[in-house]
Amino acid sequence: MNSTLPIVATVVAYLIGSLSFAVIVSAVMGLNDPRTYGSGNPGATNVLRSGSKAAAALTLLLDAVKGLVPVLLVKYVGPDYGLHDGTLALVAIGAFLGHLFPVFFKFKGGKGVATALGVLLGISGWLGLLVLLTWLAVALTTRYSSLSALVAAVLAPVYYVLLGGSLWNYDQSVLLAVIAMSALLLWRHAENIGRLLRGQESKIGSKKDKTAAAAKPVSQKKRRRR
């Protein structure tokens, strides 16, 4: 195996992850830059505040795909070039970090929920499905998108350990990658955690989430902090 291939694969995954589809899709569809309104987060949830469900759905799909594709390529094509689970773990983290810190968008990215899901689906369809069902169950019960993401993030490495070796192959390097993604997701949701604890977090489909957040642009000061 060429010793540079894992590095090249990781860099390529990072560059793919750096494609901020919330910004790209909004620009193509003639919508405002999602970094300038609502939460200022370039993700599907904030794009939904633009009023375009199609743009939000497309953003969600593409953000997941950019995490899925690099992992699948290493998983199914990589072995022919000597790339195995260690490289798969690096590529998973690379794609995820690309979304969080996109080189093409001044390193200001989203929170990574959709991209993390894509990565997990690439690692194992069963793992991704379990995490998705967890997100849906919490979302339907509480109507808090952020809480759904937090619970799914915490349980992802738990699922990987408990069912590794039965529903999917277990590898320690992949587990470390899943734990790292979960920790980064929790960190990126720090403000949401604070609002949840104060009872100020917006619920999915709430009037506040649809109108007030969309109508109020992100202040220049807040945008600089992000």
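Residues numbered from 1 in each chain as written. Predicted model: local features only at pLDDT ≥ 70, side-chain atom pairs only at ≥ 80, totals over all residues. Heavy atoms only, no water.

J.: Where do I start with the side chain of Asn46 in this structure?
T.: Its location among the elements puts Asn46 in helix α3 (residues 44-48). If sequence neighbours within four positions are ignored, Asn46 has contacts with Pro34, Tyr37, Gly38, Ser39, Gly40 and Asn41. (Helix = DSSP H or I, 4+ residues; strand = E, 2+ residues; numbered from the N terminus. Contact = heavy atoms within 4.5 Å.)

J.: Help me out: how do you make sense of the packing of helix α9 (residues 172-188) against helix α10 (residues 190-198) in this one?
T.: Packed helices, taken two at a time, are described by their axes: the angle between them and the distance between them. The N-to-C vectors of α9 and α10 enclose an angle of 60°; their axes lie 4 Å apart at closest approach. Taken together, the axes of α9 and α10 are oblique relative to one another. Residue-level contacts link Leu186, Trp187 and Arg188 of α9 to Ala190, Asn192 and Ile193 of α10. Looking at the contact of α9 with α10 residue by residue, the class counts come to four nonpolar, one polar and one charged. (Axes fitted to C-alpha atoms, helices over the stretch in contact; angles between N-to-C directions. Parallel < 35°, antiparallel > 145°, perpendicular 65-115°, else oblique. Nonpolar A, V, L, I, M, F, W, Y, C, P; charged D, E, K, R; others polar.)

J.: What is the right way to look at the packing of aromatic side chains in this model?
T.: In this description, an aromatic ring pair is defined by two values, namely the gap between the centres and the angle between the planes. Tallying each qualifying case throughout the model produces three aromatic pairs. Between Tyr160 and Trp168 the ring centres are 6.1 Å apart and the planes differ by 15°, which places this aromatic pair in the stacked class. For the residue pair Tyr160 and Trp168, the accessibility class agrees, reading buried in each case. Taken together, a centroid distance of 5.5 Å and an interplanar angle of 35° make the contact between Tyr160 and Tyr170 tilted. Of this pair, Tyr160 sits in helix α8 (residues 145-163) while Tyr170 sits in the loop between α8 and α9, and the two are ten residues apart along the sequence. We classify Tyr160 as buried; its relative accessible area is 1%. Joined through ring pairs, the aromatic side chains of Tyr160, Trp168 and Tyr170 make up one cluster. (Phe/Tyr/Trp six-rings, centres within 6.5 Å; stacked < 30°, edge-to-face > 60°. Buried < 20%, exposed > 50% of the residue type's maximum accessible area, 1.4 Å probe, protein only.)

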